[in-house]
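In case you want the letters, here they are:
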Amino acid sequence: MTLPLPVPAADRPLVRIVIVGHVDHGKSTLIGRLLHETGGIPAQKIEQLKAMSARRGMPFEWSFLLDSLQAERDQGITIDTSQIRFQTPSRDIILIDAPGHAEFLRNMITGAAQADAALLLIDAAEGVRDQTRRHGYLLHLLGVKQVTVVVNKMDRVGFDEAAFRAIESEITAYLADLGVRASAVIPISAREGDGVSVRGERTPWYDGPTVLEALDGFEPARAPQDLALRLPVQAVYKFDDRRIVAGRIETGSLKVGEEIVFQPSGKTAVVKTIESWPVPAAGKEKALLNAGAAAAITLDREIFVERGEIVSTPASRPHAARRLRVRLFWLADEPLETGTVVIARLATSESRATVAAVHEVVDPGHLSTFESKSIGRNQVGEVELVLSRPIAADPHGLNPRTGRVALELGGRIAGGGLVISVLDGEATRAEPRNITPVSSAMTEEERVGRFGHEGAVVWLTGLSGSGKSTLARALERRLFHRGGMATLLDGDTLRAGLNSDLGFSDADRAENNRRLAEVANFLKNLGHIVLVAAVSPSAAARGKVRAIVGERFFEVHVATPLDVCEARDPKGLYAKARAGEIRGFTGIDAPYEAPAAPELVIENDKLDPSAGVDRLEAMLAQAGVFRRPFSAGDDAGL
Amino acid sequence: MATADDRLDELEAQSIYIFREAFARMKRMALLWSLGKDSNVMIWLARKAFLGHVPFPVLHVDTGKKFKEMYAFRDHYGKEWNLDLRVDPCPPLEQMDPTLPPATRSAARKTEGLKLALEKYGFDALVAGIRRDEEATRAKERVFSPRGLEGDWNVREQPPEFWDHFNATLPAGAHLRVHPILHWTELDIWAYTKREGIPVIPLYFSKDGKRYRSLGDEDITFPVRSDAATIDEILMELATTKVPERSGRAMDHEAEDSFERLRVAGYL
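Just so it is clear, the structure is predicted and the values come from calculations on it, not from any experiment. (Residues numbered from 1 in each chain as written. Chains lettered and ligands numbered in written order. Predicted model: local features only at pLDDT ≥ 70, side-chain atom pairs only at ≥ 80, totals over all residues. Heavy atoms only, no water.)

1. Considerations on the interface of chain A and chain B
- Facing the 82 residues of chain A at the interface are 60 residues of chain B.
- Overall, the association of chain A and chain B removes approximately 6,200 Å² of surface from exposure, summing both partners, and the carbon and sulfur fraction of that is 56%.
- By the criterion of area lost to chain B, the three top residues of chain A are Arg248, Trp277 and Ile413 of chain A, representing 13% of everything that side buries.
- Run the count over chain A and chain B and you get nine salt bridges.
- Our enumeration of links across chain A and chain B arrives at 17 residue pairs in polar contact (both at pLDDT 80 or more).
- Among the elements that make up the side of chain A that touches chain B, the one with the highest residue count is strand 23 (residues 412-424) of chain A (six residues).
- Each residue belonging to the side of chain A that touches chain B can be placed in one class, and the counts come to 38 nonpolar, 21 polar and 23 charged. (Contact = heavy atoms within 4.5 Å. Buried area = accessible area lost by both parts, 1.4 Å probe. Salt bridge = Lys/Arg side-chain N within 4 Å of Asp/Glu carboxyl O. Polar contact = N/O pair within 3.5 Å; in protein donor to acceptor, adjacent residues only side chain to side chain. Helix = DSSP H or I, 4+ residues; strand = E, 2+ residues; numbered from the N terminus. Nonpolar A, V, L, I, M, F, W, Y, C, P; charged D, E, K, R; others polar.)

This is the structure:
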């Protein structure tokens with residue numbers, strides 16, 4: 001006998017609906033009522049809820065259905081988001097309960113961000129509250145487009161039409177300003193059952209849908225098929241001699257034989273096969289994947305691409321962005337302000353990002369904006385982010401999936417928002433306009449008189465672990481003890497602050513060198529002997545450094561062989577690079593270009609440190625940096 | 001119009017996404033195999049995500065009190081699916097918190113066994129087959145759920161998680177629970193098991209008017225009344241039943257918060 005398959009085979013859309021609103025406006029009661037009236041609660045569960053309520057000396061409490069944590073039941077408050085399923089006449093519904101309490105906004109967002117549609121709940125007696133508006137605003141930021149407003153507790157205002165209409169016009173006007181149209185505004189009493197699944201007899205003046213009818217009209221938000229192809233790369237696998245690019249198609253579709261481009265690298269290839277398991281019979285292989293599909297593809301050529309890149313067609317590719325303007329909500333205790341460094345996550349990419357500017361903070365209560373230097377916890381605002389390396393991005397208006405970012409602070413997701421605009425790498429440098437350099441009050445002679453030497457830049461280049469910083473520190477100490485003015489500029493130290501927006505791509509390394517050179521040159525002109533310790537692997541970039549500094553520039557190659565550096569591994573970086581945790585590490589999977597004509601080579605593995613310092617000092621003396629002999633002072637530092 | 005197949009494809013794609021994210025971001029991940037219907041689907045999904053491979057260890061934390069059919073299933077499919085299977089025992093009952101009700105205390109052995117296995121192998125992520133519809137505290141779970149140094153779940157302070165961005169940074173010694181089928185229901189599991197032809201332990205099918213809805217330890221798991229002897233019949237039954245899935249699990253019902261206490265302490 002073949003049995004007819006019931007629910008799973010039916011063509012019933014599955015819709016995720018979040019219930020949001022101010023605390024105590026009755027979300028849990030509405031959920032309980034809905035589930036009860038649609039027959040979604042087993043009798044056994046009702047008995048449990050009765051017992052839980054009785055134990056706490058309360059009348060029957062619907063909220064215990066979803067407030068499954070002991071602390072939630074004891075305190076009568078929803079702490080974290082929860083989900084429960086039930087059915088309307090034509091839909092399968094996942095109802096997401098989101099906490100209304102301001103303290104748990106992160107949990108409200110966690111719940112609401114998964115929703116296709118929302119019920120925004122308002123207490124008829126209390127009216128529209130700040131938290132109501134805030135939730136409305138967040139729904140808009142989270143991209144939830146279908147919203148129905150439910151005005152609850154109509155029994156407390158005697159089912160008065162005027163009271164309802166006032167709330168209705170206030171909230172619809174507010175939502176309209178956000179660009180959100182409420183599909184309905186429904187007067188109900190969740191506790192007494194009016195307007196939930198049964199038409200409210202005490203609201204004869206209302207002719208709109210019941211809550212259940214409104215839910216029955218919501219549509220699932222599907223991954224947009226009609227937008228341009230976006231396939232963020234999750235990983236590249238090497239299985240069974242095949243190199244497989246894996247990821248989920250966020251929008252559009254992908255075909256075998258189609259030319260694709262990876263952004264930001266800009267590499268192109270043709271899709272050779274779509275892979276799947278179990279392996280399909282010959283001739284049954286897939287040739288097309290649509291939005292939402294988990295993809296695994298092979299390419300017609302060997303190219304190096306990596307996680308975080310986004311696949312598109314060449315004709316409509318996302319930008320390779322270095323600067324993003326983002327409208328965001330912020331959830332961390334620490335405020336987001338100019339200079340804050342976060343991790344920006346866009347689809348599968350990840351980049352360090354520095355807040356270059358806070359443009360405005362939004363007051364969701366009045367939809368007004370005001371100037372502020374920082375965005376506090378649970379606030380909404382607009383900022384400019386500078387990324388340490390380019391990532392592929394779209395403005396949110398063009399693609400909602402690749403036009404939104406999550407921000408991580410201290411290893412934890414702390415905010416998120418919509419990409420308002422995307423600026424590419426070239427547009428990020430400020431033009432030097434309205435700038436008048438001011439010269440120092442002291443003359444060079446005065447400085448030489450005080451320090452005993454001219455300014456100079458000693459640029460120590462070499463592999464990580466070659467001993468650059470050790471040598472530079474020893475020379476700094478020696479010069480200092482002799483009354484000199486030596487200043488150490490360590491590459492890593494500057495990366496922790498001034499250059500914290502930079503990564504390790506070729507472009508970022510060149511920019512890192514440029515900034516080091518500018519700072520070193522500035523200090524040289526103030527009479528300092530500047531000791532720069534930086535891997536600076538690119539000969540071309542060092543050439544630019546030499547051009548910036550000009551005279552009294554000393555390129556010193558600390559030439560310690562790779563195997564010695566790797567054996568020392570003072571920072572444990574080689575081990576990480578070998579383990580694949582660091583990519584593009586100089587000497588391992590990125591080249592080091594040794595200087596062709598340095599002022600000095602120190603074979604650091606063959607010399608003891610003080611001999612290296614002797615040679616550096618001799619080099620400076622020979623070049624005439626020292627105009628009067630150093631006093632043979634305290635040499636205890638060496 | 002959406003069809004049931006579309007629905008299953010959507011569930012599958014989301015699970016594959018979660019698997020690939022976890023594998024890309026975590027260093028030493030393992031999958032917990034309890035041999036039941038959910039974790040079998042999970043292994044199947046992993047093989048889909050990684051094109052026929054399960055590129056991480058599969059861990060069975062063994063209470064030693066499973067049904068003999070479950071051990072037979074493990075030994076057979078562990079080989080057939082080419083799994084890197086690790087079987088680790090749980091500590092004895094006498095070492096468990098004596099204030100817990102008896103069946104809850106018995107279930108706590110699994111939590112302790114997990115902790116020992118975590119220490120032994122140094123896993124930083126455990127993939128677990130829990131679902132939101134199984135039990136009310138599981139409905140509150142994150143997809144990537146950070147656990148404290150004791151394996152504990154800080155349910156009051158769960159990090160935000162949205163748009164499939166998951167928190168994967170942990171303090172040293174802590175670990176992550178990854179939940180790739182959190183969004184599935186019991187009905188989905190059976191519909192998918194049928195569609196994909198995934199092997200199932202025979203205890204799920206009715207014998208003498210009873211079957212198991214959920215498989216745990218032999219001494220604290222009980223069959224429910226049912227005549228469903230095929231997957232189709234199970235699907236029929238689930239569409240109409242009002243009996244909760246875990247009603248045959250004794251430890252869920254001993255005290256109002258006994259399951260929450262277990263979960264906060266690190267139970268799945």
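2. A word on the pattern of salt bridges
- Taken as a whole and assessed by the stated rule, the structure comprises 72 salt bridges over all chains.
- Of the charged contacts, one joins Asp164 of chain B and Arg248 of chain A as a salt bridge, the two residues approaching to 2.8 Å between their closest N and O atoms. Of this pair, Asp164 of chain B sits in the loop between strand 5 (144-147) and strand 6 (175-178) while Arg248 of chain A sits in strand 8 (residues 242-248), which puts the two residues in different chains. Pair check on accessibility: Asp164 of chain B and Arg248 of chain A agree, each one buried.
- With a shortest N-O distance of 3.6 Å, Lys606 of chain A and Glu603 of chain A are connected by a salt bridge.
- Accessibility expressed as a relative area gives 38% for Glu603 of chain A, which makes it partly exposed.
- Salt bridges here are not isolated pairs; linked through shared partners, they connect Asp5, Asp9, Glu12, Lys48, Arg195 and Glu196 of chain B. (Buried < 20%, exposed > 50% of the residue type's maximum accessible area, 1.4 Å probe, protein only.)

3. Digging into the packing of helix 2 (residues 37-49) of chain B against helix 5 (residues 186-196) of chain B
Residues and elements named next belong to chain B.
- Relative to each other, helix 2 and helix 5 sit at 55 degrees, their axes nearing to 10 Å. By the angle between their axes, helix 2 is oblique relative to helix 5. Remark: the crossing between helix 2 and helix 5 carries left-handed chirality. Seen from helix 2, the contacting residues are Lys37, Asp38, Val41, Trp44, Leu45 and Lys48; seen from helix 5, they are Glu186, Ile189, Trp190, Tyr192, Thr193 and Glu196.
- A breakdown of the residues in the contact of helix 2 with helix 5 according to their chemical character gives six nonpolar, one polar and five charged. (Axes fitted to C-alpha atoms, helices over the stretch in contact; angles between N-to-C directions. Parallel < 35°, antiparallel > 145°, perpendicular 65-115°, else oblique. Left-handed = near helix turned anticlockwise from the far one by under 90°.)

4. Describing the sheet that holds strand 3 (residues 92-97) of chain A
Residue and element names in this part refer to chain A.
- Strand order in the open sheet formed by six strands is 2-3-1-4-5-6, and the pairing between neighbours is mixed. One side of each edge strand has no neighbouring strand; the edge strands of this open sheet are strand 2 (82-87) and strand 6 (182-187). Going across the sheet, the axis of each strand differs from the next one's by a mean of 25 degrees, ignoring polarity.
- Note that strand 5 (residues 146-152) and strand 6 share four bridges and pair parallel. What sits directly across from Val147, in strand 6, is Ala182. (Pairing = 2+ DSSP bridges.)

5. Some remarks on the UniProt feature "domain: Phosphoadenosine phosphosulphate reductase" (unreviewed entry) in chain B
- Taking the numbering used here, the UniProt-annotated feature "domain: Phosphoadenosine phosphosulphate reductase" (unreviewed entry) corresponds to residues 29-221 of chain B.
- Summarising residues 29-221 of chain B: 30% helix, 14% strand, and an end-to-end C-alpha distance of 29 Å. (UniProt positions renumbered as here; feature names shortened; annotations may be inferred.)

6. Remarks on helix 12 (residues 539-549) of chain A
Residue and element names in this part refer to chain A.
- Residues Ala541, Arg542, Val545 and Val549 constitute the buried set of helix 12. Buried residues along helix 12 cover an arc of 100 degrees about the axis, so they all sit on one side. Opposite its buried face, helix 12 presents the exposed residues Ala540, Lys544 and Ala547, each directed more than 90 degrees away.
- Packing partners of the buried residues in helix 12 comprise strand 24 (456-461), helix 11 (506-525) and strand 27 (553-558).
- In this structure Ser538 caps helix 12, since a side-chain oxygen of it lies 3.3 Å from the backbone nitrogen of Ala540.
- Gly550 sits one or two positions beyond helix 12 and adopts a positive phi of about 75 degrees. (Arc of directions from axis to C-beta.)

7. Section: the packing of aromatic side chains
- In the structure shown here, the tally under the stated rule is 27 aromatic pairs over all chains.
- Aromatic pair Phe144 of chain B and Phe166 of chain B: ring centres 4.6 Å apart, planes at 20 degrees, arrangement stacked. Residue Phe144 of chain B is located in strand 5, and its partner Phe166 of chain B is located in the loop between strand 5 and strand 6; the two are separated by 22 residues in the primary sequence.
- With 5.3 Å between their ring centres and 80 degrees between their planes, Trp190 of chain B and Tyr204 of chain B make a pair best called edge-to-face. Highlighted residues: Trp190 of chain B in helix 5 and Tyr204 of chain B in the loop between helix 5 and strand 7 (210-211), separated in sequence by 14 residues. Exposure class is identical for Trp190 of chain B and Tyr204 of chain B. Each is buried.
- A network of ring pairs unites the aromatic residues Tyr237 and Phe239 of chain A together with Phe19, Phe23, Phe50 and Phe56 of chain B as a single cluster.
- We note Arg248 of chain A situated over the ring of Tyr17 of chain B; from NZ or CZ to the ring centre the distance is 3.9 Å. (Phe/Tyr/Trp six-rings, centres within 6.5 Å; stacked < 30°, edge-to-face > 60°. Lys NZ or Arg CZ within 6 Å of the ring centre and 35° of its normal.)

8. Looking at the side chain of Gln83 of chain A
- Its location among the elements puts Gln83 of chain A in strand 2.
- Taking relative accessible area as the criterion, Gln83 of chain A reaches 13% and is therefore assigned buried.
- Looking at Gln83 of chain A, its side chain comes within polar contact range of the side chain of Gln114 of chain A, at 2.8 Å.
- At a separation of 3.3 Å, a polar atom in the side chain of Gln83 of chain A contacts the side chain of Arg132 of chain B.
- Apart from the residues within four sequence positions on either side, Gln83 of chain A is in contact with Leu66, Ile94, Leu95, Ile96 and Gln114 of chain A together with Arg132 and Ala139 of chain B.

9. Let's talk about the pairing of strand 25 (residues 486-490) of chain A
Residues and elements named next belong to chain A.
- Taken across its five residues, strand 25 has four buried, putting it largely inside the fold.
- Pairing between strand 25 and strand 26 (residues 529-533): five bridges, direction parallel. Bridge assignment links Ala486 to a residue of strand 26, and that residue is Ile529.

10. Regarding unusual backbone geometry
All names here are of chain A.
- Each neighbour pair has its own omega, and for Gln263 with Pro264 the value is 10 degrees, a cis peptide bond.
- In this structure, Pro264 sits in the loop between strand 10 (259-263) and strand 11 (267-274).
- Across the junction of Trp277 and Pro278, the peptide omega takes the value -5 degrees, indicating a cis bond.
- One non-glycine residue, Lys153, lies in positive phi territory at about 60 degrees.
- Among the structural elements, Lys153 can be located in the loop between strand 5 and helix 6 (161-178).

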